[in-house]
Structures are given as structure tokens and as C-alpha cells.
Amino acid sequence: MSVQRKPNVLLIVADDLGFSDTSPYGGEIDTPNLQKLAEEGIRMTGFHTAASCSPTRAMLLSGTDSHIAGLGCMAEKIASKKAPEIFDGKPGYEGYLNYRVAALGEILQDAGYFTLMSGKWHLGLKKELGPYARGFTKVLSFLPGGGNHFNHEPQLYGLKEKPSAIFKGDGLWMEHGEFINGSTDLPKDFYSTNTFTDHFLGFLKARTTKEKAQPFFGYLPFTAPHWPLQAPLEIIEKYRGKYDDGPVALRDRRLRSLIEKGLVPSDVKPAPLHMLKTKPWGELSAEEKRKSSRAMEVYAAMVDLIDVNIGRVRAYLEKTGELDNTFIAFMSDNGAEGQLLEALPILAGYTVEDIVKTYYDNSLDNIGNYNSFVWYGPQWAGAATAPSRGAKSHSTEGGIHCPCIVRYPPALKQHGLITEAFTTVMDIVPTILDLADLEHPGPIFRGREVMPMRGKSWRPILEHPENQSIQIYGDMDIVGWEQLGIAAVRVGDWKALFLPPPKGPGKWELYDLSKDLGEVHDLAESHHEKLKEMLRHYETYFQETGMFDSYTMYHETLKQKKAKINPSYISTFRQSLASIQERVFSFIKGTWGEVYKNVT
């Protein structure tokens, strides 16, 4: 196959988008371009990511597990002041996309592709770790994990200390291979989704004759609809009053729509609404309800604008005749964001709540504006993840079960269909390489050793989307998840998961997802042998990915610092974690840090 005939590649990522937010997945938000993409492609209902954003992005661009690719834990945790020493020298816990993996941009760049990226990176904050260094020739990149969608950051003006990495500031934006000043070098009418798309299209339109002859790889990772929830007023107005009946009513409508569209079984039993100790809708005051529903209106506007900008990219590719030779994948990076963010540290001694009170106006009429700072909370997130349990940062399905739409006419024999096959974000790199007739370049790439991929190609599904018996992962293939003790393992339809307090009960749970998508019926007690089997699979995953028991070490280190215990205790504790057998018994017992003393 000649270079000219290789497929173009377009990966579009929404940030914290819920499973049922868009119309192809049962939502009421106006998303006609995604609907058209689904009608011309396929929708996946078994697609899974990591439970949080940067681990997913590492998997997306490497084709392997985040513990191998450098994001074994969120960089914000690794770089925190609480216990950074436990990650020192641990391969896979660098906090950035490491050089043990071949990044997709690098692979395709070497294969003759024109590579471009515009949007959120979240895979490294240094020049040598940015997208230009990892294979993207044309770049507008926002390096950290979240920021103001209107580029309004008053809490950083005149700041002398280094802020938390979740907020941007000067030096955290890059154009191609150089840093730019976020305050002066970006458009005055900046709005994240619009501006990222402007630059993305600008890179495509500015291609030279030689570059136009190359296939392109475009990566468009939006920062929306990640908090703070902000959007242009005229788009917010479209959704005024649509959510006045609250998150329970929204969840019920979405569930009915999911069932009608054949996206979930008609007899599905949904998980209880995600609450996190918040007050039920019926107990809120009229003012609290108005503010809450207004936040959801703004969120809907943000999703709406993502769709509008996807339409802009599509229109350009139609005009240039490149659309039908472009492999397009649209996805969310994890489940909807349902955390309560008030206590999240931003600057030394200051939380989000402190910053909001000092610099922002969250009055009802101002919510969604450039100088507001709101999030919508666990109940709206629960409505978006239903019928699944939990939300972002949970290893339950609500945190990892995400929408994914694929369009690629040369491979798709039928379109407009739904595939229920279990798939993962790790599969996207091997799928692209397969369709482009390229091999993964390991074990030596660009003068360094790189790890093989763990994902699998979707070609069988693309070529026969009508065949629901096709499975990408076999009955013995092991897929796992873990982030600071929030863990799960899946083999076939069986899944074991562990949620430490306060997210969960602090013991291993067991579910048969073929019958229980909501993870409502814990089978750990009634299927004890199956749980043991799943924990053995988890131990295999643990060993193959080079994990360590970061959860136990993290919390023991915090205890040690709080109690001013002799540091030698931690060294002894680390040595005690070396035994695989002890860990397995620890998992079966249902705790992470304790081991049976009679195990030899």
C-alpha cells in the first residue's frame, strides 16, 4: 500500500463526557454531527477506558496499560507534597508518557504521516515531554489537566509560587515545540473548544503541497466538558429550563432512551443514583435547585459546542475529499465527573472553595460566564453514567464505561450498527496500525527499548459489525484497572473490583456483567471460588504491568508522617510487600495493607 493510500486518522476526545450525554447514546443534548457520525459508523457499548483522564490518554497513545506507559497514578498525586517519595524510581509511575512506549504520533510520523494536535495534553509538563517531542509536528497544546475555558485565571495573576498542576498559567501552553505565554499569545476571544478547533483546522489548511500528499494523523482532545462549567451565553440559553426537574428525572429519561435505542438491555437494573452524601433533589431549596439545574444547562451547552466544532472539522474534510479515507474515533476519556471539588488544593493553603470565594462570581445569573467557577456534582454525573454505578475515578462501570463512535468506510461493511463487544482504549493504536498496514516498531524504536502493545485490533468488528458473536478479547484475556488502590479486573463477563473507603466498602466485590450492568448484585460471598480465580487473574495483571501496592504505601506513609514514626518503618514495610503470596491472600481477605501472618 502506498503512503498516499494509507488512511488518515482523526482521534477526538471529550473530557469527562458521560455515557448518555449525546444523542447517539440516548441523550437530549443537541449533537447532530455525532448522530450523523454514528449513523455512518458504529457505536460501541462495551468500550472501556481508565477511571481518570491522564491514564486513559497514556493508554490511548501507547496501546498499552497506563502502569507501563508512565501514568500508573495520576501525575497530580505523584507530584503532591503528601507522599511523592513512594513513587521515586518506580518505572511506570513517572507521571508522564514515558519513553518505554512508542507513542502513536512518533510511529505515524516515522511512517510518513503529517501529524497535528490541538488541545489538552496532560501527559507531561516539560518541553521534552510535550506533544511536539512525542511525534506531533504541528501543535497547540494545553499541557495540564484543567483550566478556565475563557482563559481567565485571576488566581494566577502576579503569583510568585508555583500553582497546582491542574490549573494552567504562563509556561503551560505550547505552540509546536516552544512554550508560549498563555496570557498574551492566545486569541482575545478565546473559548477552549472553538480555539482548539480553529488551530486544528488552521494546521490542516496551511499544509504544503508535500504535506497534502501525506496521510495525516490529527489528535483533537477537547478540555470540555471538564469543570469549570463555562460556555457562551447564547448556547446556554438553548437549555434554559430543560433540567428543572432534577437529576433523577434526567436519569430516568436517559435510561428509557438507552433502552429504546438498544444500547442497554430492556431488563437492566440500574445502580442507585451516585450521591456522595449530597442532599436528594427533593430536599434542596428552590435557590439550590435553580443553581444546580443552571450548572447542568451550562454543561449541556459545552457538549453542544463540541458537536458544533466536530461539524466544522467534518465539513472541511468533506470539502477536501479526505473524509471517507479517514479513520475517525470519538470517545470520552472516562466517566462523568461526580466529585465534590470544594476541598481540592490549588495553591499552598488554598482550596478550590477559597479561590472561588476570592476571585469568582457564582451568583445564579453569572453561572457559566468567564468569571464563574462551578461543577455539577455527583447526582448529575450519576444520571449521565446510568445504568452504571459510580462515576469518574471509580473502577465501577460508571468510571470506565464510555461512549465511542467509529467511522471508517473502507473497512466498515455495514454502518449505523451497535457492537456490544468488550473493547478498551488500548485497542485504538493496534487498530490504526492494522488498518494502515504498519507494524508496531518494538522492541527497539528511535534508539530505545519499547514495550509491546497490550491492546487488540478492532478490524474483525469493523468488517463484520452485524455479527454480535465476534469478540476482541477471549474468555481468558485479562484486563485490569488500578489507581491508588481503586482497582478491578475483568475476564470475559466476570469482573472483580475493589473500592477503598470512602469510595467503597474496602473489600473485593464480584459481578457477572452479562446479567448485571449496574453492578448491583455482589456475588463475592455466593461465588467464593470464582472470586479467588479473579484475584489470581488480578495478580497476573499486577505482575505483568509492573505495579506496586501504591495504595498501602501511600496511606502508610501518610500515617508515618502524621505520627512522626521512625522512617525505617517504611523501609521494613516495603520489604514486606515483596511476597506475591502475601498479596494474594491480602486481596482475598479484602484489604490492601494487611497480610495473613501465618502465610509462609
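The text that follows walks through the structure, step by step, so that each part is easy to find. (Residues numbered from 1 in each chain as written. Predicted model: local features only at pLDDT ≥ 70, side-chain atom pairs only at ≥ 80, totals over all residues. Heavy atoms only, no water.)

1. Structural notes on the nonpolar core
Line of reasoning, step 1. Counting 71 residues, the largest nonpolar core has Ile12, Trp173, Leu229, Tyr243, Phe330 and Tyr376 as its most contacted members.
Line of reasoning, step 2. For this core, the leading source of residues is helix α10 (residues 286-320), giving 14 residues.
Line of reasoning, step 3. Core analysis: the second largest hydrophobic core is formed by 69 residues, Ile68, Leu71, Leu412 and Leu497 among them. (Core = buried A, V, L, I, M, F, W, Y, C linked by side-chain atoms within 4.5 Å. Buried < 20%, exposed > 50% of the residue type's maximum accessible area, 1.4 Å probe, protein only. Helix = DSSP H or I, 4+ residues; strand = E, 2+ residues; numbered from the N terminus.)

2. Some thoughts on the side chain of histidine 440
Line of reasoning, step 1. With respect to the helices and strands, the residue histidine 440 is situated in the loop between α14 (428-435) and β15 (444-445).
Line of reasoning, step 2. For histidine 440, a relative accessible area of 19% corresponds to the buried category.
Line of reasoning, step 3. Leave out the neighbours within four places in its chain, and histidine 440 touches Ala102, Ile107, Leu433, Val450, Met451, Pro452 and Met453. (Contact = heavy atoms within 4.5 Å.)

3. Here's the deal with the pattern of salt bridges
Line of reasoning, step 1. Scanning all chains against the criterion turns up 41 salt bridges.
Line of reasoning, step 2. Note that lysine 279 and glutamate 288 form a salt bridge whose closest N and O atoms lie 3.4 Å from each other.
Line of reasoning, step 3. Among the ionic pairs, lysine 507 bridges to aspartate 522, the shortest N-O distance being 3.3 Å. A residue pair is termed long-range when its members are at least 10 positions apart, and lysine 507 in the loop between β19 (494-498) and β20 (508-512) and aspartate 522 in the loop between β20 and α16 (528-544) qualify at 15 residues. (Salt bridge = Lys/Arg side-chain N within 4 Å of Asp/Glu carboxyl O.)

4. Thoughts on the packing of aromatic side chains
Line of reasoning, step 1. In this structure the tally under the stated criterion is 26 aromatic pairs.
Line of reasoning, step 2. Seen in terms of ring centroids, phenylalanine 19 and tyrosine 25 are 5.1 Å apart; in terms of plane orientation they differ by 70°. Their pairing is edge-to-face. As far as burial versus exposure is concerned, phenylalanine 19 and tyrosine 25 are alike and both buried.
Line of reasoning, step 3. Centre to centre, the rings of phenylalanine 190 and phenylalanine 196 are 6.4 Å apart; their planes meet at 85°, and the pair counts as edge-to-face. The pair formed by phenylalanine 190 and phenylalanine 196 is uniform in burial state, with each residue classed as buried.
Line of reasoning, step 4. What links up through ring pairs into an aromatic cluster is the set Phe498, Trp508, Tyr538, Tyr541 and Phe542. (Phe/Tyr/Trp six-rings, centres within 6.5 Å; stacked < 30°, edge-to-face > 60°.)

5. Examining the sheet that holds strand β7 (residues 178-180)
Line of reasoning, step 1. A sheet is described by the order of its strands in space; here 10 strands give the open sequence β7-β6-β5-β4-β8-β1-β9-β12-β2-β13, paired in mixed fashion. The two strands at the open ends of the sheet, each matched to only one other strand, are β7 and β13 (417-419). Each neighbouring strand pair of the sheet contributes to a mean axis angle of 15°, computed without reference to strand direction.
Line of reasoning, step 2. Across five bridges, the pairing between strand β1 (residues 8-14) and strand β8 (residues 216-221) is parallel. Paired with valine 13 across the strands is proline 221, a residue of β8.
Line of reasoning, step 3. Each of β2 (42-44), β9 (326-332) and β12 (404-407) touches helix α1 (residues 32-40); the most contacted strand, β12, lies at about 60° to it.
Line of reasoning, step 4. With respect to the sheet, helix α6 (residues 192-205) is in contact with β1, β4 (114-120), β5 (138-142), β6 (173-175) and β8, its orientation differing from that of β4 by roughly 170°. (Pairing = 2+ DSSP bridges. Axes fitted to C-alpha atoms, helices over the stretch in contact; angles between N-to-C directions.)

6. Examining the sheet that holds β19
Line of reasoning, step 1. If you trace the four strands from one edge of the open sheet to the other, you get β17-β18-β19-β20, paired in antiparallel fashion. The sheet terminates laterally at β17 (479-483) and β20, the two strands that pair on one side only. Here the strands of the sheet are splayed against their neighbours by 10° on average, with no regard to which way each runs.
Line of reasoning, step 2. Pairing between β17 and strand β18 (residues 486-491): five bridges, direction antiparallel. The residue bridging valine 479 from the neighbouring strand is arginine 490, located in β18.
Line of reasoning, step 3. Set on the sheet, α16 makes contact with β17, β18, β19 and β20; between it and β18 the angle comes to about 105°.

7. A closer look at the pairing of β20
Line of reasoning, step 1. The element β20 is largely enclosed, with a buried count of five among its five residues.
Line of reasoning, step 2. Both faces of β20 are covered, namely the face carrying Trp508, Leu510 and Asp512 and the face carrying Glu509 and Tyr511.
Line of reasoning, step 3. Direction of pairing for β19 relative to β20: antiparallel, over a ladder of five bridges. Across the sheet, residue lysine 495 finds its bridge partner in β20, namely tyrosine 511.

8. Observations regarding the pairing of β5
Line of reasoning, step 1. Burial within β5 is extensive, with four of its five residues counted as buried.
Line of reasoning, step 2. Bridge count for β5 against β6 is three bridges, and the pairing is antiparallel. By the bridge assignment for β6, phenylalanine 142 is matched with tryptophan 173.

9. Describing α10
Line of reasoning, step 1. With 35 residues, α10 extends 52 Å from end C-alpha to end C-alpha; this agrees with the ideal 51 Å at 1.5 Å per step.
Line of reasoning, step 2. Downstream of α10 by one or two residues, glycine 321 has phi in the positive range, about 75°. (Expected span 1.5 Å × (residues − 1).)

10. Points about unusual backbone geometry
Line of reasoning, step 1. Along the chain, alanine 224 connects to proline 225 via a cis peptide bond; the corresponding omega equals 0°.
Line of reasoning, step 2. Locating proline 225 in the fold gives a position in the loop between β8 and α8 (233-236).
Line of reasoning, step 3. Proline 228 follows tryptophan 227 through a cis peptide bond whose omega is 0°.
Line of reasoning, step 4. Among the secondary structure elements, proline 228 is positioned in the loop between β8 and α8.

11. What about the packing of α6 against α10?
Line of reasoning, step 1. Contact geometry of α6 with α10 gives a least axis separation of 10 Å together with a crossing angle of 10°. In terms of orientation, α6 lies roughly parallel with respect to α10. When α6 is examined against α10, the residues Thr193, Asn194, Thr197, Asp198, Phe200, Leu201, Leu204 and Lys205 are found in contact with a partner set consisting of Leu305, Ile306, Asn309, Arg312, Val313 and Tyr316.
Line of reasoning, step 2. Of the residues that constitute the contact of α6 with α10, the class distribution is seven nonpolar, four polar and three charged. (Parallel < 35°, antiparallel > 145°, perpendicular 65-115°, else oblique. Nonpolar A, V, L, I, M, F, W, Y, C, P; charged D, E, K, R; others polar.)

12. Comments concerning the environment of proline 443
Line of reasoning, step 1. By the secondary structure assignment, proline 443 is in the loop between α14 and β15.
Line of reasoning, step 2. Under the relative-accessibility criterion, proline 443 is labelled exposed at 59%.
Line of reasoning, step 3. Taking the C-alpha atoms as reference points, proline 443 and arginine 100, 343 residues apart in sequence, are found 9.8 Å from one another.
Line of reasoning, step 4. Setting aside residues up to four positions removed in sequence, proline 443 forms contacts with Arg448, Glu449 and Val450.

In short, the description is geometric, and any link to function would need to be established separately.
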